[in-house]
Amino acid sequence: MPQHAGVIINPLAGRGNGKGQALADTLKGDAGISLHLLERFEHLEGVIDDMARDRVTDLFISSGDGTIQEILTLIAERGGFPVLPRICLLPHGTTNLSANDLGFRSSSIAAQAHFVRSLNATALVSRNTIRCANPGDGKVRHGMFVGTGAIAVATRHCQQAFNDQGVKGQWAVAKTLMSAVGKYLFSAPDPADQSRFDRPYAIRVEAGGRRIADGMQLLHMSTTLDTLLLHSHPFWGGKTAPIRTTVLPYPVPSVLRWMLPIMYGGENHAAPEGAVSFSSDSLAVSSEAIFVIDGEFFPPPAGEALRLETGPLFTFVRG
């Protein structure tokens, strides 16, 4: 199949930082490229259908994590492409969780435009999505990161307290982490304080026909990414299946003792009592807390566990 580039640009990504618009201006008028400026989010289904009809083989996404998640969901669930297009994530969003791990390596608009025109890939990586099969709102989603408990609460705080005030990317994440650590170190635990991230959440995790964790936990997170924000790798025990999951217990293990080993300790580090990390093809997470997938929030299913499944294997172009 002849190569054909498609570009989807969300001009509001990154709180309107102008990167996507600059790329659109550079590529404007190039008849060999299917270029779509996403003026209204509800038009995205039609845009994806157009890309499939144009037989796009390389799809470039200039947006934040939420739009990337929606695009991957539409491609995976609608099945309009004869062959899954290669995906190139351009880091034009606010946090860029997926693009930090899988995205195009150059931040130069000129370099990105040249690559769109040439399609001469030299660095490829394959990664599955996580399919959230039964969210509480009934909308199936495909993303790269799913979490609940403190991780979802901290994500919302980061967006409201820092992203909305113009603090973006790793700086916003670092500020969120420092505020949580500061409150943990300098004030007594208070499970009833809704302003704290470090409070207990009832979470049960099952995989492979057995119960992995059950009871009061600090957080659950599952991902197919190799590294998360701040270049952290909070997983251990080896990657033997596409989805990696970590559950941290409540009461919170000593932050001074365990924070750095958990975030950066590698595959063979020790873990605090009650913490688990494992790989699986699928799992089920039961909680009444809100869930987050790639920066977007959704309620848990009523009366049953959230089923997380291995989604399609996409090829991502990094350079």
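Structure: above.
Every value quoted in this text rests on a predicted model; they were computed, and no experiment measured them.

**A look at the overall build of the protein chain**
At step 1: Assigned secondary structure in the protein chain consists of nine helices and 15 strands.
At step 2: The C-alpha radius of gyration computed for the protein chain amounts to 20 Å, which stays within 12% of the reference 20 Å derived for 319 residues, consistent with globular compactness.
At step 3: Each principal axis of the C-alpha atoms in the protein chain carries an extent, and together these give about 60 × 40 × 35 Å.
At step 4: Considering the protein chain as a whole, with its 319 residues, one finds that 52% of them fall into the buried category.
At step 5: The contacts in the protein chain between residues at least 6 apart in sequence include a share of 73% that link residues at least 24 apart.
At step 6: Counting every atom, the protein chain has about 13,900 Å² of accessible surface; 53% of that belongs to carbon and sulfur.
At step 7: Taken together, the 28 basic and 29 acidic charged side chains of the protein chain have centroids lying 4 Å from each other.

**Some remarks on the packing of aromatic side chains**
At step 1: By the definition in use, this model includes four aromatic pairs.
At step 2: Look at F291 and F298: their rings are 5.7 Å apart centre to centre, the planes differ by 15°, and that puts the pair in the stacked class.
At step 3: Centroid distance F314 to F316: 6.4 Å. Interplanar angle 50°. Geometry classified as tilted.
At step 4: On the accessibility criterion, F316 (1% relative accessible area) is buried.
At step 5: Aromatic rings pair up to connect F60, F104 and F115 into one cluster.
At step 6: Geometry around F297 places R156 over its ring, the cationic atom sitting 4.2 Å from the centre.

**Observations regarding a nonpolar patch on the surface**
At step 1: A cluster of nonpolar side chains, namely L185, F186 and L256, defines an oily patch on the protein surface of about 390 Å² accessible area.
At step 2: Residue L256 is classed as exposed on the basis of its relative accessible area of 73%.

**As for the packing of helix α3 (residues 44–53) against helix α4 (residues 65–78)**
At step 1: Contact pair α3 / α4: the axes reach a minimum separation of 10 Å and the direction vectors enclose 60°. One finds that α3 runs oblique with respect to α4. In the packing of α3 onto α4, the handedness of the crossing is right-handed. Residue-level inspection shows L44, E45, I48 and D49 of α3 in contact with α4, the latter providing E70, I71, L74, I75 and R78.
At step 2: Here the contact of α3 with α4 is composed, by residue class, of five nonpolar, no polar and four charged.

**What to know about the nonpolar core**
At step 1: L59, I87 and V205 are the most contacted members of the largest nonpolar core, which totals 70 residues.
At step 2: With residues up to four places along the chain from it excluded, the contact list for L59 reads G6, V7, I8, M51, I71, I75, P85, R86, I87 and C88.
At step 3: V7, L27, C88 and A113 belong to the second largest nonpolar core, which has 16 residues in total.

**Some points on helix α7 (residues 150–161)**
At step 1: Between its terminal C-alpha atoms α7 stretches 16 Å, which fits the 16 Å expected from 12 residues at 1.5 Å a residue.
At step 2: Within α7, the full set of buried residues consists of A150, A152, A154 and C158.
At step 3: Along its buried surface, α7 packs onto β7 (145–149), α8 (169–186), β8 (201–207), β9 (210–223), β13 (291–293) and β14 (296–298).

**Description of helix α9 (residues 255–264)**
At step 1: Of the positions making up α9, those classed as buried are V255, W258, I262 and M263. Considered in projection along α9, the buried side chains sweep an arc of 115° and stay on one side of the axis. Opposite the packed face of α9, turned more than 90 degrees from it, sit the exposed residues L256 and L260.
At step 2: Considering only its buried residues, α9 is in contact with α8 and β10 (243–249).
At step 3: Looking at the residues trailing α9, positive phi occurs at G266, about 85°.

Cut-offs applied
Residues numbered from 1 in each chain as written. Predicted model: local features only at pLDDT ≥ 70, side-chain atom pairs only at ≥ 80, totals over all residues. Heavy atoms only, no water. Helix = DSSP H or I, 4+ residues; strand = E, 2+ residues; numbered from the N terminus. Rg over C-alpha atoms; globule rule 2.2 N^0.38 Å. Buried < 20%, exposed > 50% of the residue type's maximum accessible area, 1.4 Å probe, protein only. Contact = heavy atoms within 4.5 Å. Areas by Shrake-Rupley, 256 points an atom, 1.4 Å probe, with all protein chains shown as cover. Lys, Arg positive; Asp, Glu negative; His and termini not counted. Charge placed at Lys NZ, Arg CZ, Asp CG, Glu CD. Phe/Tyr/Trp six-rings, centres within 6.5 Å; stacked < 30°, edge-to-face > 60°. Lys NZ or Arg CZ within 6 Å of the ring centre and 35° of its normal. Patch = residues over 30% accessible without salt bridge, like charges linked within 9 Å, V, L, I, M, F, W, Y side chains within 5 Å. Salt bridge = Lys/Arg side-chain N within 4 Å of Asp/Glu carboxyl O. Axes fitted to C-alpha atoms, helices over the stretch in contact; angles between N-to-C directions. Parallel < 35°, antiparallel > 145°, perpendicular 65-115°, else oblique. Left-handed = near helix turned anticlockwise from the far one by under 90°. Nonpolar A, V, L, I, M, F, W, Y, C, P; charged D, E, K, R; others polar. Core = buried A, V, L, I, M, F, W, Y, C linked by side-chain atoms within 4.5 Å. Expected span 1.5 Å × (residues − 1). Arc of directions from axis to C-beta.

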